Amino acid sequence: MSSRIFGSRIRRREDPRLITGSAVYTGDIELPGMVHAAMLRCGHAHARITRIATEQAEAAPGVVAVYTGVDTDGVLQPMPCAWLLPDAELKIAPYPCIAKDVVRYTGDVVAVVVAESAHEAYDALDLIEVDYEPLPAVIDPEEAARAGAPELHAKDINGDDISGNQAFHWTVAGGGDVELAFAEAEADGVVIKERILQQRLIPNAMETRGAVAQYNRATGELTLWNTTQNPHILRFLCSVVTGVPEDKLRVIAPEVGGGFGSKIAAYPADFVTVFCAMRLGRPVKWIESRSENYQATTHGRDHVQDVELAATKDGRITGLRCTVYAGMGAYLSTAAPGIPTILHGLMLSGCYTIPALKEDVYGVYTNGVPVEAYRGAGRPEATFILERLVDMLANRLGMDPADVRIKNFIPKFDDGHEVVTTLNYDSGDYPGALSKLLEHTGYRALRERQRAGPSNGKYMGLGLTSYVEICGLGPSQVAGAIGFQGGLWESAIVRFHPTGKVHVFIGASPHGQGEETTFAQIVASEIGVDVADVKIFHGDTDSTPMGWGTYGSRTTAVGGAALALAVRKIRDKAKVVAAHLLEASVEDMDYEDGKFFVKGSPDRAKTIQDVALMANVAWTLPEGVEAGLEATTFYDPPNFVFPYGAHLAVVEVDARTGHVELTGYTALDDCGPQINPTIVEGQVHGGVVQGVGQALWEGAAYDESGQLVTGSMLDYALPRADQLPDLDVISTVTPSPHHPLGVKGVGEAGTIASTAAVYNAVMDALRPLGVTRVDMPLTPERVWRAIQEAQGS
Amino acid sequence: MKVPVRITVNGRRFEHEVEPRLLLAHYIRDLGGLTGTKVGCDTSQCGSCTVLIDGVSAKSCTTLAVQADGANVTTIEGLADGDALHPLQESFWDRHGLQCGFCTPGMILAAYELLRTNASPSDAEIRHGLEGNLCRCTGYQNIVRAVRDAAAQMAAADQ
């Protein structure tokens, strides 16, 4: 890294089109002859279909076709699950694109209407008659696992029995004898027990999902525009489901309006849209309504956790034991089995030295929307367990929560530290992060202020989180070992044109995170061109090399590394060409800021633009050097990266109303060197607020029959501008020792930390009132009721 | 049954026969061919569809096209003055007030309305003024900064 551009707060390059309304999202695509699809969702949580009549709909104005499961059966293959968790008795239930016999959640597709206009398609949905025989439904994952609960699936895709709705049972155990640790703590120490409900969340990307499919019958080529976070994976899955060979399939992720995990999965409606386009020979557009988004696009979290911590009387953790029922919803979504297991259980020891640990995770089918990755994906649920238990331990022992953390932190390390779950963290200074946070926020003084007691019925509370997350997924060999049905490397092609302008083709697929800017900054810093001279291409499988998607805070960490290494290859070749042009030997050449020069004679120099011109015209090149200036790199990371940090939430709880006000929030995050600190801060802001949403307001609610009652933005409480304070965002910088740029990733950090910090703060405020637990979200009603109960009134 | 409407969008006059149930958002997108106006929900909650009707902000997903008959509508595409961005567009760009960009057109037009009625709002007033527009990416923080900056710039330009 030579140039100041790495680390500079330049304005985003994607913004001009976004602030002028000229960006093209999937919903903005218009094609000649295009027709519109609308999906009929079943509206029942669990029911047997006894009759479907489509004649009236078929005869409705503008209707081109109506298809049901009878039409797609055998043509569209079942939806694949792409994370085959090993050693977990994984039972994958059949997941048809259109349900034919039984519907298992309210979003199951039972028919599709295609019409000349979207209005006509939606009108005709009402004319389809479907008779259902309702079946009992179950939403709570723990209840679904109990004997006698309604069973969703009799057999898995291999014909094996599924019993007790169990999709898998996965265990992680490490370190010493955990049972012994608890026996010892029971005898002469402390055991803390808690039940944690990680409620179901609805991701709510502002752009709903959608697809446009265009099929050319003459050539057999299919183009699918889709609101996806991972177009190459979708191409692969689309090929499996629709039978269109991968070479004839082009997937384009145009502008994508946020994802947060909900646009990772492949969805039945996408392939039904493809089916319609192939049947009709006309382009078909399907855009999800927001109601549909609530009832059919994947949800997140949904854990019932029973957790226990063993510790000595002076606050040293000796063991952790957890049982988790993780709701999977009606079917296993694309990556679902890996979320509450690999991305959760392996991070259970967090920032702490925990000598013995065991967790059992039961993945359970329920009549809810399928559950997938949602920002943080498994790691917020792990962080919450630890951070809650640590606070409870502090309370039990009469210690400050900060001091319990300090007592148990893994000491600072800068080149690898193996933890009890066998992960090898790359670098971290957890005590340093917390101590900087405490100092920056005046934590001890805030505690003093708190000791003064409530003012005007309002109780102040402080909540800490120390977190470490696993990002930069990941070494492909590990991906294979953990059952992920793909690689996790990234690739980049860097091409210099004769005028020195640069095209970058990259497999990663950002959708709001700003990598068109940070990637250009990487190129500029590595080879001294102007950022304005670098164009980043992404999201089109025909023009970009293979990529494994944007999720898990991996795009800058893995894609960025591939890009940096490709540019370094170019630099190496350019040095050889420059030496030739200067009639010098390569060994005598030096490089700085876009210039190749003879050591000691900076005037004898060729710029990268000079070299790009000569390499492209190829009038004179060194013996054996190919024309052109282009490089391709496949970067398969040697290890994951482990960003970390410490957050402090300050709240005021009004004991008279139960209203919680978040009055202050400080986030300290360490994602390694920051390519563009403004973008890093933006990621932290958004991430923190999503986590605050979980703690205070958000939660999917179902009624007893399995109907989603939070099925719109009216009923599901998304964070709004006037509910939030100004966030204070600071950082430390610990490079990853194994990464070419040292960078780690920051997309999920805020969410991973903030839910526990805010929850801890509210519980801290409620301590004087005798309240010890309230289920999230901490709405005024729940808090008020808990206070009433604790006060015995 | 279709009814005639004449609506001027960003200075361009349109005449169409439309179904009375047609929403202004769909009119602008499908008949006006201007896709900068986004539809993010179906309950008038998200504000992505915010436009200006005769200079006053409105959620175009809960306005019928026939209600805008005879009106001047401004969408995000019509906010800049030629190549010169509106101060709000500049400040959203400067302050990183957007990420995925989907809520941005509506957010900018809601902010326009806010500054029209309160030229120098406090942060709390900005937050209150924008609570009808949802953003899932930014946590609103940089949006507040952007609006604050734009207010200052517009005030300076007025002097």
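Just so it is clear, the model here is predicted, and its values are computed rather than measured.

> Account for the overall build of chain A, with residues named and values stated.
Within chain A, the regular secondary structure consists of 21 helices and 28 strands. Relative to its length of 793 residues, chain A is compact, with a C-alpha radius of gyration of 28 Å against a globular reference of 28 Å. With the C-alpha coordinates of chain A rotated into their principal frame, the extents come out at 90 × 70 × 50 Å. Among the 793 residues that make up chain A, the fraction classed as buried is 66%. Sequence-distant contacts in chain A: of pairs separated by 6 or more residues, those separated by 24 or more amount to 80%. Element-wise, carbon and sulfur atoms account for 49% of the exposed surface of chain A, whose accessible area totals about 26,400 Å². Side chains of chain A carry 65 positive and 99 negative charges; the gap between the two charge centres is 3 Å.

> Could you give an account of the environment of Arg451(A), with specific residues and numbers?
Residue and element names in this part refer to chain A. Considering the arrangement of structural elements, one finds Arg451 in helix H14 (residues 443–451). Considering only alpha carbons, one finds Arg451 and Ser349, 102 residues apart in sequence, at a separation of 32 Å. Side-chain polar atoms of Arg451 contact the side chain of Glu448, separated by 3.0 Å.

> Residues and numbers for the domain arrangement of chain A, please.
All names here are of chain A. Under the domain assignment used here, chain A contains domain 1 (29–132 + 204–296), domain 2 (409–469 + 641–793) and domain 3 (489–635). If you average the C-alpha positions of domain 1 and of domain 2, the two centres end up 37 Å apart. At the interface, 11 residues of domain 1 touch 11 residues of domain 2. For the pair domain 1 and domain 2, the summed buried surface comes to about 770 Å²; carbon and sulfur atoms form 60% of the total. Our count for the domain 1 to domain 2 interface comes out at zero salt bridges. The interface formed by domain 1 and domain 2 contains one residue pair in polar contact (both at pLDDT 80 or more).

> Describe the pattern of salt bridges, and please don't skip the residues or the numbers.
Residues and elements named next belong to chain A. Evaluated as defined, the whole model comprises 59 salt bridges over all chains. The shortest N-O distance in the salt bridge between Asp15 and Arg12 comes to 2.8 Å. Judged by relative accessible area, which is 0%, Asp15 ranks as buried. Of the charged contacts in the structure, one is a salt bridge between Arg195 and Asp306, with a shortest N-O distance of 2.9 Å. Within this pair, whereas Arg195 is found in strand S8 (residues 190–201), its partner Asp306 is found in strand S13 (residues 300–311), the two being separated by 111 residues in sequence. Overall, Arg195 belongs to the partly exposed group, its relative accessible area being 28%.

> Lay out the domain arrangement of chain B in plain terms, naming residues and giving numbers.
Residues and elements named next belong to chain B. Taken domain by domain, chain B comprises domain 1 (3–78) and domain 2 (87–158). The C-alpha-based centres of domain 1 and domain 2 are spaced at 21 Å. Taken together, the contact pairs 18 residues of domain 1 with 14 residues of domain 2. It is Thr50, Leu52 and Ile76 in domain 1 that bury the most area against domain 2; as a group they hold 37% of the surface buried on that side.

> Before we move on, could you go through the sheet that holds strand S24 (residues 601–607) of chain A and cite the residues and values that matter?
Residue and element names in this part refer to chain A. Pairing in this open sheet of three strands is antiparallel, and the strands run S22-S23-S24 from one edge to the other. Strand pairing shows two members of the sheet lacking a second neighbour, strand S22 (589–592) and S24, which therefore form its edges. The mean angle between the axes of side-by-side strands here comes to 35 degrees, regardless of whether they run parallel or antiparallel. Summarising the sheet, S22 and strand S23 (residues 595–598) pair through four bridges and their orientation is antiparallel. Of the residues in S23, the one forming a bridge with Tyr591 is Phe596. Strand contacts of helix H18 (residues 608–617): S23 and S24, with the helix running at about 45 degrees to S24, the strand carrying the most contacts.

> Outline helix H2 (residues 87–94) of chain B, listing residues and values.
Within H2(B) the residues assigned to the buried category are Leu88(B), Gln89(B), Ser91(B), Phe92(B) and Trp93(B). Lining the buried residues of H2(B) we find helix H1 (15–19) of chain A together with helix H3 (104–117) and helix H5 (141–158) of chain B. Following H2(B) by one or two positions, His96(B) has its phi on the positive side, about 55 degrees.

> Tell me about the packing of aromatic side chains, residues and numbers included.
All names here are of chain A. Inspection of the entire model under this criterion finds 17 aromatic pairs over all chains. Between Phe413 and Tyr430 the ring centres are 5.9 Å apart and the planes differ by 70 degrees, which places this aromatic pair in the edge-to-face class. Separated by 17 residues along the polypeptide, Phe413 in the loop between helix H12 (401–408) and strand S16 (417–418) and Tyr430 in helix H13 (residues 430–441) bring together distant segments of the chain. Take Phe413 and Tyr430: they sit in the same class, and that class is buried. Taking 4.8 Å as the distance between ring centres and 20 degrees as the angle between the ring planes, the aromatic pair formed by Phe505 and Phe537 counts as stacked. Of this pair, Phe505 sits in strand S20 (residues 502–506) while Phe537 sits in strand S21 (residues 534–537), and the two are 32 residues apart along the sequence. Taking relative accessible area as the criterion, Phe537 reaches 22% and is therefore assigned partly exposed. An aromatic cluster of at least three residues, connected via ring pairs, comprises Tyr352, Phe409, Phe413, Tyr430 and Tyr644.

> Could you give an account of the interface of chain B and chain A, naming the residues involved and the relevant values?
The interface is formed by 47 residues belonging to chain B together with 51 residues belonging to chain A. Area buried by chain B at its contact with chain A is led by Trp93(B), Arg127(B) and Arg136(B), which between them contribute 21% of it. In this structure, the connection of chain B to chain A is made through seven salt bridges. Note that Arg11(A) and Glu90(B) form a salt bridge whose closest N and O atoms lie 3.0 Å from each other. The tally of links between chain B and chain A comes to 29 residue pairs in polar contact (both at pLDDT 80 or more). Those elements that provide at least two residues to the side of chain B that touches chain A are helix H1 (24–31), H2, H3, helix H4 (123–129) and H5 of chain B. Looking at the side of chain B that touches chain A element by element, the count peaks at five residues for H2(B). For the side of chain B that touches chain A, the residue count by class is 18 nonpolar, 18 polar and 11 charged.

> Could you give an account of the pairing of strand S1 (residues 3–9) of chain B, naming the residues involved and the relevant values?
All names here are of chain B. In this sheet, strand S2 (residues 12–18) lies alongside S1 in antiparallel orientation, the contact comprising seven bridges. Bridge pairing in S2 places Thr8 opposite Arg13. Taking the residues that link successive antiparallel strands as the turn, the S1-S2 hairpin has two residues, and the phi of Asn10 there is positive, at about 50 degrees. In the sheet, S1 pairs with strand S5 (residues 72–74) via two bridges, with the strands oriented parallel. Opposite Val9, over in S5, you have Val73 as the bridge partner.

> Let's hear about the environment of Glu17(B): which residues, and what values?
All names here are of chain B. Mapped onto the fold, Glu17 is located in strand S2. Since its relative accessible area comes to 52%, Glu17 is described here as exposed. Distance from Glu17 to Val3, taken between C-alpha atoms, is 5.1 Å for residues 14 residues apart in sequence.

> How would you explain the nonpolar core if you had to name every residue and give the values?
Core analysis: the biggest nonpolar cluster contains 230 residues, and Phe271(A), Leu320(A), Tyr425(A), Val762(A), Leu766(A), Phe92(B) and Val147(B) have the highest contact counts within it. If one sorts the elements of this core by residue count, helix H20 (residues 749–766) of chain A sits on top with 12 residues. The contact partners of Leu766(A), leaving out residues within four places of it in the chain, are Val653(A), Val771(A), Val774(A), Val783(A) and Ile787(A). Counting 51 residues, the second largest nonpolar core, distinct from the first, contains Val504(A), Ile506(A), Ala520(A) and Ala574(A).

> Account for the sheet that holds strand S9 (residues 210–216) of chain A, with residues named and values stated.
Residues and elements named next belong to chain A. Here we have seven strands laid out as an open sheet, ordered S3-S5-S1-S12-S9-S10-S11, and mixed in their pairing. Edge strands, defined here as strands with exactly one partner in the open sheet, are strand S3 (63–68) and strand S11 (249–252). Within the sheet, the average angular offset between the axes of one strand and its neighbour, ignoring direction, is 20 degrees. In this sheet, strand S12 (residues 284–287) lies alongside strand S1 (residues 35–41) in parallel orientation, the contact comprising two bridges. Considered in S12, the bridge of Val35 is made with Val284. This element, helix H4 (residues 118–125), spans S1, S3, strand S5 (109–115) and S12 of the sheet and lies at about 25 degrees to S1. Sitting on the sheet, helix H7 (residues 231–242) touches strand S10 (221–226) and S11, and the angle it makes with S11 is about 140 degrees.

Conventions used here
Residues numbered from 1 in each chain as written. Chains lettered and ligands numbered in written order. Predicted model: local features only at pLDDT ≥ 70, side-chain atom pairs only at ≥ 80, totals over all residues. Heavy atoms only, no water. Helix = DSSP H or I, 4+ residues; strand = E, 2+ residues; numbered from the N terminus. Rg over C-alpha atoms; globule rule 2.2 N^0.38 Å. Buried < 20%, exposed > 50% of the residue type's maximum accessible area, 1.4 Å probe, protein only. Contact = heavy atoms within 4.5 Å. Areas by Shrake-Rupley, 256 points an atom, 1.4 Å probe, with all protein chains shown as cover. Lys, Arg positive; Asp, Glu negative; His and termini not counted. Charge placed at Lys NZ, Arg CZ, Asp CG, Glu CD. Polar contact = N/O pair within 3.5 Å; in protein donor to acceptor, adjacent residues only side chain to side chain. Domains from an automatic or database assignment. Buried area = accessible area lost by both parts, 1.4 Å probe. Salt bridge = Lys/Arg side-chain N within 4 Å of Asp/Glu carboxyl O. Pairing = 2+ DSSP bridges. Axes fitted to C-alpha atoms, helices over the stretch in contact; angles between N-to-C directions. Phe/Tyr/Trp six-rings, centres within 6.5 Å; stacked < 30°, edge-to-face > 60°. Nonpolar A, V, L, I, M, F, W, Y, C, P; charged D, E, K, R; others polar. Core = buried A, V, L, I, M, F, W, Y, C linked by side-chain atoms within 4.5 Å.

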